[in-house]
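Residues per chain are reported as follows:
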Amino acid sequence: QLKHSCPKKMKMVEKRSGHVQRTKGGMIAMPFIFANEICEKLAVVGFGANMISYLTTQLHMPITKAANTLTNFGGTASLTPLLGAFVADAYAGRFWTITVASMVYQIVNLSPLCGMISLTLSAVLPSLRPPPCKGDQVCQEATSGQLAILYVSLLLTALGSGGIRPCVVAFGAEQLDGNDPSQKTKTWKFFNWYYFCMGAAMLVAVTVVVYVQDNTGWGWGLGIPTMAMALSLVAFVLGYPLYLHMDPAGSPFTRLLQVCVAAYRKRKLPMVSDPRLLYENEELDAPISVAGKLVHTKHLRFLDKAAIVTEADNPKISSAPNLWRLNTVHRVEELKSVIRMGPIWAAGIILFAAYAQQGTFSLTQAKTMNRHLTSSFEIPAGSMTVFTLTSMLATIIFYDRIFVPVIRRLTGLERGISFLSRMAIGFAISILATFFAGFIEIKRKNAAIKSGLVDHPHAIIPMSVLWLAPQYCLHGVAEAFMSIGHLEFFYDQSPESMRSTAAALFWTAISAGNYLSTLLVSLVHTFSEGPRGSNWLPDANLNKGKLEYFYWLLTLLQVVNLIYYLCCAKFYTLKPVQVRSTEFGRDKEDNVELASHV
């Protein structure tokens, strides 16, 4: 029989039906967690939504340099969650990691708030930015010192984000008991709710905050996100008595490394004929297998050698073997799970690279087009992502309320379709978005030619900005399918002791996508340069470029990526878990489930 051991702070009581019910957590904790996420996203997105306009109009950066600056910042901000996730999973736990990181936002120099303060000061104080352009003279670019303030501010913002982003989603999901039949549906719905709240906050940021930035000034425009950060901390801490708190289980990276070292040391040993002979120690694994034990799989069998027992190991003498020589099957399977997730993780990079163009070149296109919705109201270029966000929110509602109930009748799955299928739909829609964007750019340039405005990069072309709305909307629909499916995949398929790290993998895919975008822009800008300064992606005048070729290059890469993803999904093995439950006071082994509830 399996021994069931719970972390000290994970308070539970046993019901007569045999299910272990938790006394804390549940839906009552969600408003506080979602409030924190809403305020944090309002701050971060409000800070960055219109930043390319600030870089090009206030600091006079060339378009490609500004685009690369923002994608590099986005990449770094999405990479730092790995550090926050490591601290949460290994040492501090998710609640305290989120709390301290939020306090760092407010107090310490290494925080987004201080980053925002630096940017706010640079927006308010003339000495921190170059003088404004006069007439047709060449604009003076920012000095090295002024750029240093910008880069330090962006770096501080990225560092501060690392403690919150990976932990909020994992902390929220663990408040719901996936093994409780009454909460099984709520567990997978949580990711839809989480992303909906995040999208709603972003919608406010790209409308209200960007409008303030364009019409009131950058001082107030960056001050509002600063105040929102303070509210996020207050909202989260208020819910402390209601939260379910899980103790950290030690460094997950150390455990993965121990399996690698043990397998390498025993690489010359013959494989055992029966996997039941491999080492298992339920007491040792109890803190990292509360919800269920990972069972042996036949893939990546060379790693199984880390669990082969030799005379030198003497596991019967000591209940705590040398883990650099001998590991349990559960720990070996943790590493296998992480390796299996790798190809699926990589498939998201191209999509995020395509998605990044909305904040760079698509926004630059919008600035050259007629943005008047009425004679008195002009939509800010930085608010064009409102179409992405509204379509994403509408798709989430449609998916949750209509799509899933209908498809459930056909597939028999509680969530309608698996997260792998959901991601595939998102990939396909993203291809349509970038393919369509190329044709809109051709139409925009033709309008510039007919109006005689090709040589006037800052002139407004007589073409409605609403022509860009379809590509923004398609990106929003794609995100509702792919990004939420991606997040579900990482949380569901990761070892339970690495849930924050798994959420960080989602952000690292965004990071890699931003860096890939930077690389593609730099390569295209370098190798597409022609005579007389012609270029697919010109620095000063987009009307003379070939932006549509760049969009279609992204389309081609995404088609190849979709084929790659379908192959990976076809051969992917879902994580097998042996779920524990209690019945009539005795421990009981349930059947092995694949991927928890898929």
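Residues numbered from 1 in each chain as written. Predicted model: local features only at pLDDT ≥ 70, side-chain atom pairs only at ≥ 80, totals over all residues. Heavy atoms only, no water.

- As annotated in an unreviewed UniProt entry, the protein carries the name Nitrite transporter and comes from Escallonia rubra.

### A word on the overall build of the protein
Turning to step 1, where the next piece is worked out: Secondary structure summary: the protein contains 19 helices and seven strands in total.
Turning to step 2, where the next piece is worked out: Taken over 598 residues, the protein has a buried fraction of 56%. (Helix = DSSP H or I, 4+ residues; strand = E, 2+ residues; numbered from the N terminus. Buried < 20%, exposed > 50% of the residue type's maximum accessible area, 1.4 Å probe, protein only.)

### Considerations on the packing of helix H4 (residues 81-92) against helix H18 (residues 499-527)
Turning to step 1, where the next piece is worked out: Taken N-terminus to C-terminus, the directions of H4 and H18 make an angle of 175 degrees; their axes are 8 Å apart at the nearest point. Looking at the two axes, H4 sits roughly antiparallel to H18. Seen from H4, the contacting residues are Pro81, Leu82, Ala85, Ala88 and Asp89; seen from H18, they are Arg499, Ser500, Thr501, Ala504, Trp507 and Thr508.
Turning to step 2, where the next piece is worked out: Here the residues of the contact of H4 with H18 sort into six nonpolar, three polar and two charged. (Axes fitted to C-alpha atoms, helices over the stretch in contact; angles between N-to-C directions. Parallel < 35°, antiparallel > 145°, perpendicular 65-115°, else oblique. Contact = heavy atoms within 4.5 Å. Nonpolar A, V, L, I, M, F, W, Y, C, P; charged D, E, K, R; others polar.)

### Here we look at the environment of proline 252
Turning to step 1, where the next piece is worked out: Topologically, proline 252 is positioned in helix H11 (residues 252-265).
Turning to step 2, where the next piece is worked out: In this structure the C-alpha to C-alpha distance between proline 252 and leucine 335, which are 83 residues apart in sequence, comes to 9.6 Å.
Turning to step 3, where the next piece is worked out: Once residues lying within four places of it in the same chain are set aside, the contact partners of proline 252 are Asp89, Ala90, Met498 and Thr501.

### Topic: the packing of aromatic side chains
Turning to step 1, where the next piece is worked out: In the structure shown here, the tally under the stated rule is 30 aromatic pairs.
Turning to step 2, where the next piece is worked out: Ring geometry for phenylalanine 95 versus tyrosine 240: centroids 4.9 Å apart, planes at 55 degrees, classification tilted. Placement of the pair is phenylalanine 95 in helix H5 (residues 94-106) and tyrosine 240 in the loop between helix H10 (218-238) and H11, with a sequence separation of 145 residues.
Turning to step 3, where the next piece is worked out: Plain terms: the ring middles of phenylalanine 435 and phenylalanine 439 are 5.1 Å apart, the flat faces sit at 80 degrees to each other, and that makes the pair edge-to-face. Of this pair, phenylalanine 435 and phenylalanine 439 both sit in helix H16 (residues 419-450), separated by four residues, roughly a single helical turn.
Turning to step 4, where the next piece is worked out: Using a relative accessible area of 41% as the deciding quantity, one classes phenylalanine 435 as partly exposed.
Turning to step 5, where the next piece is worked out: When the ring centre of tyrosine 264 is taken as reference, the NZ or CZ atom of arginine 267 above it lies at 4.0 Å. (Phe/Tyr/Trp six-rings, centres within 6.5 Å; stacked < 30°, edge-to-face > 60°. Lys NZ or Arg CZ within 6 Å of the ring centre and 35° of its normal.)

### A look at H16
Turning to step 1, where the next piece is worked out: Helix length check: H16, at 32 residues, gives a terminal C-alpha distance of 47 Å against a target of 46 Å (1.5 Å per residue), a fit within 8%.
Turning to step 2, where the next piece is worked out: Looking one or two residues past H16, glycine 452 carries a phi angle of roughly 70 degrees, positive in sign. (Expected span 1.5 Å × (residues − 1).)

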